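Remarks on the overall topology
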Amino acid sequence: MAPEMPNLIAFSVLAALAVLAALGVILSQSAIRSALCLVGNFLILAVLYFTLQSQILGILQVVVYTGAIMVLFLFVIMLLATGGEKSLFEKRDPKRFAAAITGIVLAVIIGVLVYLPMASIKSPAQVPLPPGSQVQAQYGTAEALGAQLFTQYGYPFEAASLLLMVGIVGSIMLAKRKVR
Amino acid sequence: MWTWITDHSAVLALIKAIVWILPIFIIMPGTIWMERRLLGFFQDRVGPNRVGPFGMLQPIADGAKLFFKEEIVPSGIDKVTYVLAPWLMLIPPLTIGAVIPFAAPVGVYETLTPVADINVGVLYIMAMSSIGAYGLVLAGYSGNNKYSLMGGLRACAQLISYELSMGMAIGCVALMAGSLNVSQIVQWQHGSFWEIPNVWVHNWTIFSPMGFVAFIVFLICMVAESNRTPFDLPEAENELIAGYHTEYSSMKFASFYMGEYLGMLVFGTVLASLFLGGYDFLPIDWKMMALHNSGISSFALFMDRVTVDFGPVFLILKAVGVVLLYIWVRATLPRLRYDQLMNLGWKTLLPVITANLVLIAAWAVVHTVYGAWAAWIMVFVVYAIAVVVLSLNKRKQGDKPDPFESRKVTLVSGMTAEPQASEPEMAEVTAN
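Residues numbered from 1 in each chain as written. Chains lettered and ligands numbered in written order. Predicted model: local features only at pLDDT ≥ 70, side-chain atom pairs only at ≥ 80, totals over all residues. Heavy atoms only, no water.

When helices and strands are counted, chain B shows 17 helices and 2 strands. Taken across its 432 residues, chain B has 47% of its residues classed as buried. At a minimum sequence separation of 6, the contacts of chain B that also span at least 24 residues come to 74%. Surface accessibility of chain B: about 21,900 Å² in total, with carbon and sulfur atoms responsible for 68%. (Helix = DSSP H or I, 4+ residues; strand = E, 2+ residues; numbered from the N terminus. Buried < 20%, exposed > 50% of the residue type's maximum accessible area, 1.4 Å probe, protein only. Contact = heavy atoms within 4.5 Å. Areas by Shrake-Rupley, 256 points an atom, 1.4 Å probe, with all protein chains shown as cover.)

Now the structure itself:
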């Protein structure tokens, strides 16, 4: 077995599961099952991030996306389910065929654009980097991200937190508005 | 054979996982027994005492009963979520333990613990406890009745509110220890007291004032995350029958039951690792004592040996102590109402722990720039100011309302009734 085969097998299994979960999100007839498939997709994506040495990104994917955002999605879906299970089912749509064709064409275009430059690369050392940049030994760890986030990208970091605060205040204003 | 096992990392990982999971599963019936006996003791009654000596076989009898019970599945449910929810309640607490070291990395323990020594260990604990929330939410939804749905929604809101403060408390510890790796946090706690060199006391997080505040906040959030009284509104028996696990019977209910106690035990180990020094027996540096006092050096070296070799025992003892605290709190405190619960999580704990985090960051900066004395003096001054301000605030709010202010009730016929005003009238009526 070639030295990169176990990695390839593990990656293809994970990627196939992720694609199946993503298909489950759009093809499922129940909103709760779509949300659960999305949760599965996020978890597999986190594992894929770990295989790419991005530890902090992978674990934040689970903490933030799976642990907080999807829980709130499920919260909202459960609040809407008071009409029973049938209210969350959607009917068969004739536009699905056209959507499938468009999706396949899009996948082929993106696949070709992504695959062609990387077809000849067999190891991380062969990846062409932009001139002047260097990959640190601590790539993807919390220390590297934190060092960059608090020194060089301090202003965007604070601006993003301000943006989130504006979102929170706006949602509270919307929720407190009296419904006629 | 041991070298063969260590060479094949998959087999080693399996063995490490079993070495962690099996003791936790064996201790869990012990905690169930402890809870029932202790609750009886607190409530001035005898707990279960029929099944074995002191009722020790009661959890086994409970397990056998639940195994043989008829499984009643309600109709009209979403079968996938109904079956999935108990697993999501049972598995995340076990996976949290993957990053917790149960002994010092010396000798055979170096390869056995922790199961995964990842550099984002503390975030991993947060991630797995967030996934534990899914079990409750899906269980509440899949019951197809409004009571368990309400229980599930309440559980969801409670969990995401207290996850914030819990994350900040863990962030306080990570900021003090300088690492997100749980093994390194535990080893930082085995350093010198308050990082003053050559002190023979260990530097457990709980000994420093900032760490103590973080400990209190983490303890409250941990009780809230495990859905235990006083935060057990999601399974409030008086209002919601059984809340999110109303529609579950037999082994699925047993999964919820076991999952709750597993969560308590594992969070106990997390608390012990982050705040109480992990696998340490006593916060005493035996090697330094042996160096400085030659009189008791043999005793000190023996104690050091005991501490290193029996590390897992001490971690489990600390976790069981935390479970005792859980049971004590359950027996003592009444349940919080939903708005009181949310107010506590958002309006009290979150500002306190955020201020604590800022204070720790300020301490770190002052410690680096001006030295240790200035940093600790600043910390104590800030805490003194906070205590004074909070006590003054409380005294202003403490005015009791007039007891006879509004006791008048308007009856349907237009008359008003007052307390102790109708008695003379009644006496007049009967006298006539």
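That covers the picture; the talk isn't over yet.
The subject of this paragraph is the interface of chain B and chain A. Listed by partner, the interface residues are 24 residues for chain B and 25 residues for chain A. Both faces combined, the contact of chain B with chain A buries some 2,100 Å², and carbon together with sulfur accounts for 80% of it. The largest share of the area that chain B buries against chain A comes from Tyr 134, Tyr 141 and Leu 153 of chain B, three residues that together contribute 29% of it. With a shortest N-O distance of 2.6 Å, Arg 33 of chain A and Asp 78 of chain B are connected by a salt bridge. Where chain B touches chain A, the interface holds 2 residue pairs in polar contact (both at pLDDT 80 or more). For the side of chain B that touches chain A, the secondary-structure elements that each account for two or more residues are helix H4 (79-96), helix H6 (121-142) and helix H7 (146-177) of chain B. Of the residues forming the side of chain B that touches chain A, the biggest block, 10 residues, is contributed by H6 of chain B. Residues of the side of chain B that touches chain A, tallied by class, amount to 18 nonpolar, 3 polar and 3 charged. (Buried area = accessible area lost by both parts, 1.4 Å probe. Salt bridge = Lys/Arg side-chain N within 4 Å of Asp/Glu carboxyl O. Polar contact = N/O pair within 3.5 Å; in protein donor to acceptor, adjacent residues only side chain to side chain. Nonpolar A, V, L, I, M, F, W, Y, C, P; charged D, E, K, R; others polar.)

Let's shift gears to the state of the cysteines. All names here are of chain B. For the structure shown, the criterion picks out 0 disulfides over all chains. This cysteine, Cys 172, is not joined by any disulfide, and Cys 221 carries the nearest cysteine sulfur, 11 Å off. By relative accessible area, Cys 172 is classed as buried at 0%. (Disulfide = S-S within 2.5 Å.)

Let us now look at the confidence of the model for chain B. Residues and elements named next belong to chain B. On average, residues of chain B score 85 in pLDDT, and 90% of them reach the 70 mark or higher. Of all helices and strands in chain B, the one with the weakest mean pLDDT is helix H17 (residues 422-431) (49), whereas helix H9 (residues 209-225) scores best (93). Taken over the whole predicted complex, pTM reads 0.86, whereas the ipTM for its chain interfaces reads 0.83. (pLDDT = per-residue confidence, 0-100.)

Here the focus is the packing of aromatic side chains. Residues and elements named next belong to chain B. Considering all chains together, one arrives at 19 aromatic pairs over all chains under this definition. Here Phe 67 and Phe 68 contribute two aromatic rings whose centre-to-centre distance is 5.4 Å and whose plane-to-plane angle is 75°, an arrangement assigned as edge-to-face. Judged by relative accessible area, which is 53%, Phe 67 ranks as exposed. Since its relative accessible area comes to 69%, Phe 68 is described here as exposed. Through successive ring pairs, a cluster of aromatic residues spans Phe 193, Trp 194, Trp 204, Phe 207, Trp 363, Trp 376 and Phe 380. (Phe/Tyr/Trp six-rings, centres within 6.5 Å; stacked < 30°, edge-to-face > 60°.)

Residue and element names in this part refer to chain A. Residues Met 5, Leu 8, Ile 9, Val 13, Leu 17, Val 19, Leu 20, Leu 23, Ile 26 and Leu 27 make up a contiguous nonpolar surface patch of roughly 910 Å² in combined accessible area. Position of Leu 20 relative to the elements: it lies in helix H1 (residues 5-27). Residue class for Leu 20 comes out exposed when judged on its relative accessible area of 55%. (Patch = residues over 30% accessible without salt bridge, like charges linked within 9 Å, V, L, I, M, F, W, Y side chains within 5 Å.)

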